[in-house]
Amino acid sequence: MNELMNVNDLLGLGEDDKSSQQRLDVNIADLQPFHNHPFKLYKGKRLEDMIESIKEHGVIIPLIVRPVENGKFEILSGHNRANAGKLAGLTKLPILVKEGLTEEEAMLIVTETNLIQRAFSELAHSEKARILSERHKAIKSQGKRTDLISEIEIITSGKNSRELTSCQFGEKIKSDKEIGSDYDLSARNVARYLRIDILIDELKEKIDSNEIPFNAGVDLSFLDEGEQIIINEILNTNKYKISLKKSNFLKKLSQNKKLNKDMVYKILSGEYFKRAESKSKVKFTNKFTNNIVNRYVTEEVDIKELEDIITSLLDDYFSN
């Protein structure tokens, strides 16, 4: 049986179901990438191998798309096949059209098919974050979404395809606790990735390129969007590095509603910490300490008691 010509039969769909999807061959020019595609396209040898495979065998697994305006189709699954097919000289590609999808269902197809085609370990941090986030959302919508994931797996299971890897899911969506075991992650790390997914795209890119440490990115996810934009702008115009010390301080100031652009600049530049360190290194002169000791230390008042008195008086002074 030809898996491209009999996708509906392969999925076990009835006549009513077939109206929601159809298999076609379309011009590559009529395809456009998913509007919020979070995954990077293949490069180097992996792309070259896919091009050679397509030249020899064609595109075996159809792209999954949905119709958009002007007779175009938005790619949900198959961005790499479309790119490699174009580079291989093809003008048309096989597609499976899915209609009536919600935005969340469309994104679930995007993430699930990417994970089926790649190993989780080879994804960038932002890509892992998006997949875990979509899986987390799917847990709350078992019914139709469970069926959708099963359908995706069947569509993308061409036996002779050299485009797929062996990273397959089970039939059921896992519970919250089991998500981490699917990807060899602790529950704590799953939570961290869910935080990373809510960062603005520019900061996600900096995490992927190691400009921002992963755990520092988790701290930054607690800042609001405006504060994140300020941080990105300052990093783009300067060569400042973000350490965990800086990110944690930014997080605390944000939570206390004390973070502004001037403070962000002082923290990222290190100026704030230099001032704090210089103040902590101030030492009393011998003349000052000797005068205090000679004047107030007696048989009744030792140095320790004098220190306590001075500390108490200073606390009262600065608290007022």
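Residues numbered from 1 in each chain as written. Predicted model: local features only at pLDDT ≥ 70, side-chain atom pairs only at ≥ 80, totals over all residues. Heavy atoms only, no water.

**Thoughts on the packing of aromatic side chains**
The final tally for this structure, using the stated rule, is three aromatic pairs. Ring geometry for Tyr240 versus Tyr265: centroids 5.8 Å apart, planes at 75°, classification edge-to-face. Of the two residues, Tyr240 sits in the loop between helix 12 (225–237) and helix 13 (244–255) while Tyr265 sits in helix 14 (residues 261–269), which places them 25 residues apart along the sequence. A residue is classified by how much of its surface remains accessible, and Tyr265, at 36% relative accessible area, is partly exposed. Here the basic side chain of Arg195 rests over the ring of Phe222, its NZ or CZ set 3.8 Å away from the ring centre. Positioned over the ring face of Phe222 is Lys251, at 4.1 Å from the centre of the ring. (Phe/Tyr/Trp six-rings, centres within 6.5 Å; stacked < 30°, edge-to-face > 60°. Helix = DSSP H or I, 4+ residues; strand = E, 2+ residues; numbered from the N terminus. Buried < 20%, exposed > 50% of the residue type's maximum accessible area, 1.4 Å probe, protein only. Lys NZ or Arg CZ within 6 Å of the ring centre and 35° of its normal.)

**A short note on the confidence of the model for the protein**
In this model, the protein carries a mean pLDDT of 75, and residues with pLDDT of at least 70 account for 72%. Taken element by element, the protein is modelled with least confidence in helix 1 (residues 7–11), mean pLDDT 37, and with most confidence in helix 12, mean pLDDT 95. Across residues 1–19, where pLDDT falls below 50, the model places 26 contacts with residues more than four positions away in sequence or in other chains. Note that residues 156–176 has pLDDT below 50 and, in this model, 57 contacts with residues that lie over four places away or in other chains. (pLDDT = per-residue confidence, 0-100. Contact = heavy atoms within 4.5 Å.)

**Things to note about the nonpolar core**
Counting residues in hydrophobic clusters, the biggest one holds 40 residues, and the most contacted among them are Leu76, Ile212, Leu220, Ile231, Ile242, Leu250 and Leu268. Among the secondary structure elements, those contributing two or more residues to this core are helix 5 (103–117), helix 6 (125–139), helix 9 (187–196), helix 10 (201–208), helix 11 (214–220), helix 12, helix 13 and helix 14. Sort the elements by how many residues they give to this core and helix 5 lands first, with five residues. For Leu220, the contacting residues outside a window of four places in its chain are Leu199, Leu203, Ile212, Gln228, Ile231, Ile242, Ser247 and Leu250. Judged by nonpolar contacts, the second largest core, of 19 residues, contains Leu31, Ile75, Ala82 and Ile95. (Core = buried A, V, L, I, M, F, W, Y, C linked by side-chain atoms within 4.5 Å.)

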